[in-house]
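Letter by letter, the chains look like this.
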Amino acid sequence: MLIYITVFITLFLIVVVQSTLVPFIDVKGIAPDLILIFIVYWSCPRGRRQGVVWGFLGGILQDLALGTTAGIFALSKSLACYLAFSFSWNCQRNDTLLMSIVLFVAAIVHQIVYFIFTSTKSAAGFLTLFLRYGFPSIFYTVFLGIFIYGFVEWLGKRKEAK
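Throughout, a residue's number is its position along its own chain's written sequence, starting from 1. Residues qualify for local features only when their pLDDT is at least 70, as the model is predicted, and side-chain atom pairs are given and counted only at 80 or more; totals for whole chains, interfaces and linings, by contrast, use all residues. Side-chain metrics rest on all non-hydrogen atoms present in the structure, leaving aside hydrogens and water.

Draft legend 1. Spatial organisation of the pattern of salt bridges. Each salt bridge in this description consists of a side-chain nitrogen of Lys or Arg and a carboxyl oxygen of Asp or Glu lying within 4 Å of one another. Within the structure shown, the criterion is met by one salt bridge. Between D33 and K77 there is a salt bridge, with the nearest N and O atoms lying 2.8 Å from each other. In this pair, D33 is assigned in the loop between α1 (2-20) and α2 (34-43) and K77 in helix α4 (residues 72-84), connecting sequence segments 44 residues apart. Each member of the pair, D33 as well as K77, carries the same accessibility label: buried. Runs of H or I in DSSP of at least four residues are treated as helices and runs of E of at least two as strands, each being numbered from the N terminus. Working definition: with a 1.4 Å probe on protein chains only, accessible area under 20% of the residue-type maximum means buried, over 50% means exposed, and in between means partly exposed.

This is the structure we're talking about:
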């Protein structure tokens with residue numbers, strides 16, 4: 001039980017960082033999704049159920065922090081994790097490539113769901129938003145996720161060596 005409290009507190013702190021500090025590293029309105037990176041990293045070895053639960057909780061916290069339409073991030077993140085973890089991935093913490101692929105799938109689903117609900121109810125509006133903001137954000141998230149996963153693995157190996 002203590003581990004889930006720790007994960008929730010970590011998720012809460014990541015939401016705070018996402019909503020306060022990440023806007024300073026965005027590039028023309030395009031920012032990485034630290035919440036999704038964390039959720040995939042935590043859930044990948046644990047499976048779809050963990051992904052959906054933590055995706056929903058992270059999304060709700062992000063909705064509250066940003067004051068967005070109630071539930072839009074909760075829906076997009078939980079659905080993204082559900083679909084990304086629907087494949088028979090055999091994720092292990094030390095498999096950065098596979099975790100990055102799962103993150104890529106989750107980021108695509110997240111952006112599609114998010115822009116479907118926030119675009120101007122037209123295919124052109126959706127496509128414009130997705131190509132201008134969603135697609136680059138997917139690559140920013142995956143690129144940063146690869147470095148974060150690699151760094152965490154490096155720290156783990158260093159700790160084991162001591």
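Don't stop here, the text continues.
Draft legend 2. Geometry of a nonpolar patch on the surface. A contiguous nonpolar patch, built from M1, L2, I3, Y4, I5, F8, I9, F12, L13 and V16 and spanning about 1,000 Å² of accessible area, is present on the exposed surface. Residue classification places F8 among the partly exposed residues on the basis of a relative accessible area of 34%. Like-charged residues within 9 Å of one another, or nonpolar side chains (Val, Leu, Ile, Met, Phe, Trp, Tyr) within 5 Å, are grouped into patches, provided each residue has over 30% relative accessible area and no salt bridge. Areas reported as accessible are Shrake-Rupley estimates using a 1.4 Å probe. Residue values count occlusion only from the protein chains shown.

Draft legend 3. Local environment of the state of the cysteines. Whenever a pair of cysteine sulfur atoms sits within 2.5 Å, that pair is classed as a disulfide. Applying the stated rule across the entire model yields zero disulfides. No disulfide involves C81; its sulfur sits 9.9 Å from that of C44, the nearest cysteine.

Draft legend 4. Local environment of the nonpolar core. Residues L11, V40, V102, L103 and Y149 are the most contacted members of the largest nonpolar core, which totals 38 residues. Breaking this core down by element, the ones donating at least two residues are α1, α2, α3 (48-66), α4, α5 (96-118) and α6 (123-161). Per-element tally for this core: the top contributor is α5, with 10 residues. Dropping the residues within four chain positions of it, V40 is found in contact with F85, M99, V102, L103, A106 and Y149. As used here, the term nonpolar core means buried Ala, Val, Leu, Ile, Met, Phe, Trp, Tyr and Cys residues forming a set that is joined through side-chain atoms within 4.5 Å. In what follows, residue pairs with any heavy atoms lying within 4.5 Å of each other are defined as contacts.

Draft legend 5. Focus on the confidence of the model for the chain. On a range of 0 to 100, pLDDT expresses the predictor's confidence in each residue. Confidence in the prediction of the chain, expressed as mean pLDDT, is 88, and 96% of residues score 70 or more. Confidence, expressed as mean pLDDT per element, reaches its minimum in the chain at α6 with 86 and its maximum at α1 with 94.

Draft legend 6. Fine view of the packing of α1 against α3. Axis lines are fitted through C-alpha atoms, for helices just across the contact stretch, and the angle between N-to-C directions can take any value from 0 to 180 degrees. Relative orientation of the contacting elements α1 and α3 amounts to 40°, with a least axis distance of 10 Å. Accordingly, the angle class assigned to the pair α1 and α3 is oblique. Taken as a pair, α1 and α3 cross one another with a handedness that is right-handed. Where α1 abuts α3, its residues Y4, V7, F8, L11, F12, V15, Q18 and S19 lie against Q50, W54, L57, G58, L61, Q62, A65 and L66. Throughout this entry, Asp, Glu, Lys and Arg are counted as charged residues, while Ala, Val, Leu, Ile, Met, Phe, Trp, Tyr, Cys and Pro are counted as nonpolar. The remaining residues, Gly among them, count as polar. Class assignment of the residues belonging to the contact of α1 with α3 gives a composition of 11 nonpolar, five polar and no charged. For classification purposes, an angle smaller than 35 degrees is called roughly parallel, one larger than 145 roughly antiparallel, one from 65 to 115 roughly perpendicular, and anything else oblique. Take the far helix as the reference: if the near one is turned anticlockwise from it by less than a right angle, the crossing is left-handed, and if turned clockwise, right-handed.

Draft legend 7. The environment of F12, seen in detail. Summarising the element assignment, F12 is placed in helix α1. Its relative accessible area of 41% is what places F12 among the partly exposed residues. Separated by 20 residues in the primary sequence, F12 and P32 have C-alpha atoms spaced 17 Å apart.

Draft legend 8. Structural view of α3. The span one expects for a helix is its residue count, reduced by one, times 1.5 Å. The terminal C-alpha atoms of α3 lie 26 Å apart, and with 19 residues this matches the ideal 27 Å at 1.5 Å per residue to within 8%. By the burial criterion, the buried members of α3 are Q50, G51, W54, G55, G58, G59, L61, Q62 and D63. In the core, the buried residues of α3 are packed alongside α1, α2 and α4. In the segment just after α3, G67 is the residue with positive phi, at about 65°.

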